[in-house]
Structure formats: structure tokens, C-alpha cells
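Take a look at the letters that make up each chain.
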Amino acid sequence: MKLFATPKSHFSRKIRLLLDHWEQPYQLIDVGNVATADPTQFHHNPAMQVPVLEDDGVVLLESDHIASYLTRKLDPADRFGVNTQQPDILNARAVMNNIMANEVKLILAARTGLDPKPHAYFQKAEQGIRHGLRWLEDHISLFQATQPSYADFHLICMWDHLDLYETVTLPYPQLRDIVAKRSQSAVIRASHPLAPFDPKITVAPND
Ligand SMILES: N[C@@H](CCC(=O)N[C@@H](CS)C(=O)NCC(=O)O)C(=O)O
């Protein structure tokens, strides 16, 4: 099983956290700079994004589709609630995906030489992040179950990435507390965006 990703990719970390909790061995392949406009660098994903999963001849794009596929294959009882149909959890996950996508817009604008600040398009993206975070803070009960869930993993990936890039200030004490509590786990810390790729599972591109 191969996961094409980058060490800092928050969308890829959603999958890494599932695989790591299932103790499933996999090769983690760093595709390099995601601003590159060449599908071959992304295992031929025409969207030119990570994560991409390759497993037993199956290639799968899109983090939540990958999570769903892996759950059906490795964890049919779905202990992390990946395939939940609960509207409030699905809404929380949509809000988090939107925050993360907006952050990607802002980061890639800056990385490719465009200052996002004066543009209404990017100002809306930043506002989308702030409104989303406020919505999540106001729906904190969705994250307070005793057992960690895929929604918790998603929150951790989103939060640590925002914190690292300092995209916005983070005055959301309840979200911060949940992430801090969950991050006491070594499994969760192992995929922090600043943690090195585990050499046991890391291979160079093109291997
Ligand atoms: N909807 C996609 C989003 C993936 C995504 O945006 N990944 C980022 C890295 S965290 C990326 O590759 N961005 C490159 C780009 O958007 O051009 C998913 O959930 O897999």
C-alpha cells in the first residue's frame, strides 16, 4: 500500500492517522512541492493534489473517498465512524474540509508569488476560515466523545496546520483543548506536520 502525500499535508494526514491507528503498514511517498503543475508528480492525479492511495492495483483520489475505501477494507466495524451518515458530523467535516481548502488557496497564492491580502477572493477565503472555526467552536460537543473518531482526526489535522502556518489567529479555547488532549497520544504526534517521515515506511519518489 502506498500513500502519496507530503509531510505537512493536512488532507493526507487524515489518512495517515487512520492507517497509523489501524497499525497498517504502508509506504509514505513525499511528492514534493504541491504548487507544481504536473500530474505525474501526483501519481497522475489530474487535480494535482495529495493524498493519492495505491493499493492492490486500485488508485484512489480524494481523502474522504480513500478513508471510506480503507474503512471498508480494514475496519468493517468502522470504529472511527468514517462512514457515519449523521448530519451534524457530516456538516462538521464539510466545514473542516472547507477551512483546509481555503487555507490551501492562501498558502499556494503566496507560494506562487501572489500576495493574497489585497484581493477580495482571498479575503473571502480567510473569512471562510474564521467563520468555520467559530462554527466548530460553537459545536464543540461533536468532538467530546471518549473515543477518538475520524472527525477528531480531521480536527487535529486542520488545527495543527493552521497553527503551523499562522494563517489566522486561533482564539478558540475549546478546540485547542480537544487537540491538546488528543495530541498526548504518540500515534497522533507521529504525523505532526513537523515530525519527520518515519524512515520505516518512507520511500523516495519513483521508488
Ligand atoms: N479535496 C482534496 C483536497 C486535497 C488538497 O487540497 N491537498 C493539498 C495538499 S494538503 C494539495 O495537494 N494542494 C495542491 C493544489 O491544490 O494545487 C482531498 O480531500 O483530497
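All values derive from a computational prediction rather than experimental measurement.

A. Structural detail: the side chain of His 154. Tracing the backbone through its elements, the reader meets His 154 in helix 5 (residues 150–165). The exposure class assigned to His 154 is buried, which follows from its relative accessible area of 0%. Among residues more than four places away in sequence, those in contact with His 154 are Lys 14, Arg 93, Met 96, Asn 97 and Met 100.

B. Spotlight on the environment of Tyr 150. By the element assignment, Tyr 150 lies in helix 5. A relative accessible area of 0% means that Tyr 150 is categorised as buried. Between the C-alpha atom of Tyr 150 and that of Ser 185, which follows or precedes it by 35 residues, the distance is 15 Å. Once residues within four sequence positions are removed from consideration, Tyr 150 is found in contact with Lys 14, Ile 15, Leu 18, Ser 63, Asp 64, Ala 67, Phe 80, Val 82 and Arg 93. A polar atom in the side chain of Tyr 150 sits 2.6 Å from the side chain of Asp 64.

C. Structural view of the domain arrangement of the chain. Split into domains, the chain comes out as domain 1 (2–80 + 189–203) and domain 2 (87–185). Between the C-alpha centres of domain 1 and domain 2 there is a distance of 19 Å. For the pair domain 1 and domain 2, the summed buried area comes to about 1,900 Å², and 65% of that belongs to carbon and sulfur atoms. Applying the counting rule to domain 1 against domain 2 returns one salt bridge. In this assembly, domain 1 and domain 2 are joined by eleven residue pairs in polar contact (both at pLDDT 80 or more). Listed by contribution, the elements that provide at least two residues to the side of domain 1 that touches domain 2 are helix 1 (10–22) and helix 2 (63–74). For the side of domain 1 that touches domain 2, the element with the most residues is helix 1, which contributes eight residues. Residue classes in the side of domain 1 that touches domain 2 are distributed as ten nonpolar, five polar and six charged.

D. Main features of the nonpolar core. Leu 133, Leu 136, Phe 143, Met 158 and Leu 175 are the most contacted members of the largest nonpolar core, which totals 51 residues. Put simply, the parts of the chain that give this core at least two residues each are strand 1 (2–5), helix 1, helix 2, helix 3 (87–111), helix 4 (120–138), helix 5 and helix 6 (173–182). Residue contributions to this core peak at nine residues, all from helix 5. Summarising the domain contributions, this core has at least three residues from each of domain 1 (2–80 + 189–203) and domain 2 (87–185). Discounting chain neighbours no more than four positions away, the residues touching Phe 143 are Ala 92, Met 96, Leu 136, Ala 151, Asp 152, Leu 155, Leu 175, Ile 178 and Arg 182.

E. Focus on helix 1. Over its 13 residues, helix 1 extends 19 Å from the first C-alpha to the last, a length consistent with the 18 Å expected when each residue adds 1.5 Å. On its buried side, helix 1 packs onto strand 1, strand 2 (27–30), helix 2, helix 3, helix 5 and helix 7 (186–189). Phi turns positive one or two residues past the end of helix 1, at Glu 23, with a value near 55°.

F. Here's a closer look at the pattern of salt bridges. Applying the stated criterion across every chain yields a total of seven salt bridges. Put simply, Lys 73 and Asp 55 hold a salt bridge, and the shortest N to O gap is 2.8 Å. Of the two residues, Lys 73 is situated in helix 2 and Asp 55 in strand 3 (residues 52–55); the sequence distance between them amounts to 18 residues. When the shortest N-O distance is used, the salt bridge between Asp 56 and Lys 73 registers 3.2 Å. Placement of Asp 56 in the loop between strand 3 and strand 4 (58–61) and of Lys 73 in helix 2 is noted, with a sequence separation of 17 residues between them.

G. Summary view of the pairing of strand 3. In the sheet, strand 1 pairs with strand 3 via three bridges, with the strands oriented antiparallel. Bridged to Lys 2 within strand 3 is Glu 54. Here strand 3 runs beside strand 4; their pairing, made up of four bridges, is antiparallel. Paired with Asp 55 across the strands is Val 58, a residue of strand 4. Between strand 3 and strand 4, which follow one another and run antiparallel, lie two residues, and Asp 56 among them has a positive phi close to 50°.

Calculation criteria
- Residues numbered from 1 in each chain as written.
- Predicted model: local features only at pLDDT ≥ 70, side-chain atom pairs only at ≥ 80, totals over all residues.
- Heavy atoms only, no water.
- Helix = DSSP H or I, 4+ residues; strand = E, 2+ residues; numbered from the N terminus.
- Buried < 20%, exposed > 50% of the residue type's maximum accessible area, 1.4 Å probe, protein only.
- Contact = heavy atoms within 4.5 Å.
- Polar contact = N/O pair within 3.5 Å; in protein donor to acceptor, adjacent residues only side chain to side chain.
- Domains from an automatic or database assignment.
- Buried area = accessible area lost by both parts, 1.4 Å probe.
- Salt bridge = Lys/Arg side-chain N within 4 Å of Asp/Glu carboxyl O.
- Nonpolar A, V, L, I, M, F, W, Y, C, P; charged D, E, K, R; others polar.
- Core = buried A, V, L, I, M, F, W, Y, C linked by side-chain atoms within 4.5 Å.
- Expected span 1.5 Å × (residues − 1).
- Pairing = 2+ DSSP bridges.

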